[in-house]
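Analysis of the macromolecular model
Each chain, written out:
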Amino acid sequence: MSPEYPDGPVPAAAGVVFREDSVLMIKRGGPPHQGRWSIPGGSVEEGETVDAAVAREVLEETEVRVRPVKVVLVHDLIERDPKGRVRFHYAIADVLCEYVEGDPMPASDAVNARWIPVRELHEYDVSEGALKAITAGLRERRP
């Protein structure tokens, strides 16, 4: 199933990864949310678990290795075209992940990847879904 004009929702997974007071972010190179900052993630492939998908997608987009810990949020990303047709519909599981190793390098469909201090996120054009996932991740990581 194509992610653009899908027959139904496309399952996806995204990683909420913290290192000290920063969060791993990517700048999207393609739609949806092209040019905006988000957490790394993408479609779950057939036969793949959400945990495996999030670890793979984070590595593919940032070259950072992570260990999935816990789903912190499930939400939909629905984008319609000018005629009102559903252009994209992702059902996304946002997963809090433990940082393992690696320095962010943009790869796959990311045009930039970096650790952004959480206190500076307001200075970036961050997608609404990513902000909700980061907030949920921050709640979970507090002792």
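Everything quoted here is computed from the prediction, not taken from an experiment.

**A closer look at unusual backbone geometry**
The amide bond that connects Pro-31 to the next residue, Pro-32, takes the cis arrangement and shows omega of -5°. With respect to the helices and strands, Pro-32 occurs in the loop between β2 (22–28) and β3 (37–38). Its identity as a non-glycine residue notwithstanding, Tyr-5 has a phi of 55°, on the positive side. Owing to a relative accessible area of 36%, Tyr-5 belongs among the partly exposed residues under this scheme.

**Focus: the pairing of strand β5 (residues 65–80)**
Where β5 and strand β6 (residues 86–101) come together, 14 bridges link them in antiparallel fashion. Paired with Leu-77 across the two strands is Tyr-90, which belongs to β6. Joining the antiparallel neighbours β5 and β6 is a turn of five residues, in which Gly-84 adopts a positive phi near 90°.

**Focus: the packing of aromatic side chains**
Following the criterion strictly, the structure yields three aromatic pairs and no others. Pairing Trp-37 with Tyr-124 gives two aromatic rings, centres 5.4 Å apart and planes at 80°, and the pair type is edge-to-face. Placement of the pair is Trp-37 in strand β3 and Tyr-124 in the loop between β7 (110–117) and α2 (128–141), with a sequence separation of 87 residues. With centroids separated by 6.3 Å and ring planes inclined at 10°, the aromatic side chains of Phe-88 and Tyr-90 adopt a geometry described as stacked. Comparing Phe-88 with Tyr-90, the two get one shared label, buried. Above the ring of Tyr-99, the side-chain terminus of Arg-19 is found at 5.4 Å from the ring centroid.

**Some remarks on the environment of Asn-112**
One can find Asn-112 in strand β7. The spacing of Asn-112 and Val-100 is twelve residues in sequence and 20 Å in space, taken between C-alpha atoms. Among residues more than four places away in sequence, those in contact with Asn-112 are Met-25, Ile-26, Lys-27, Trp-37 and Pro-106.

Rules behind the numbers
Residues numbered from 1 in each chain as written. Predicted model: local features only at pLDDT ≥ 70, side-chain atom pairs only at ≥ 80, totals over all residues. Heavy atoms only, no water. Helix = DSSP H or I, 4+ residues; strand = E, 2+ residues; numbered from the N terminus. Buried < 20%, exposed > 50% of the residue type's maximum accessible area, 1.4 Å probe, protein only. Pairing = 2+ DSSP bridges. Phe/Tyr/Trp six-rings, centres within 6.5 Å; stacked < 30°, edge-to-face > 60°. Lys NZ or Arg CZ within 6 Å of the ring centre and 35° of its normal. Contact = heavy atoms within 4.5 Å.

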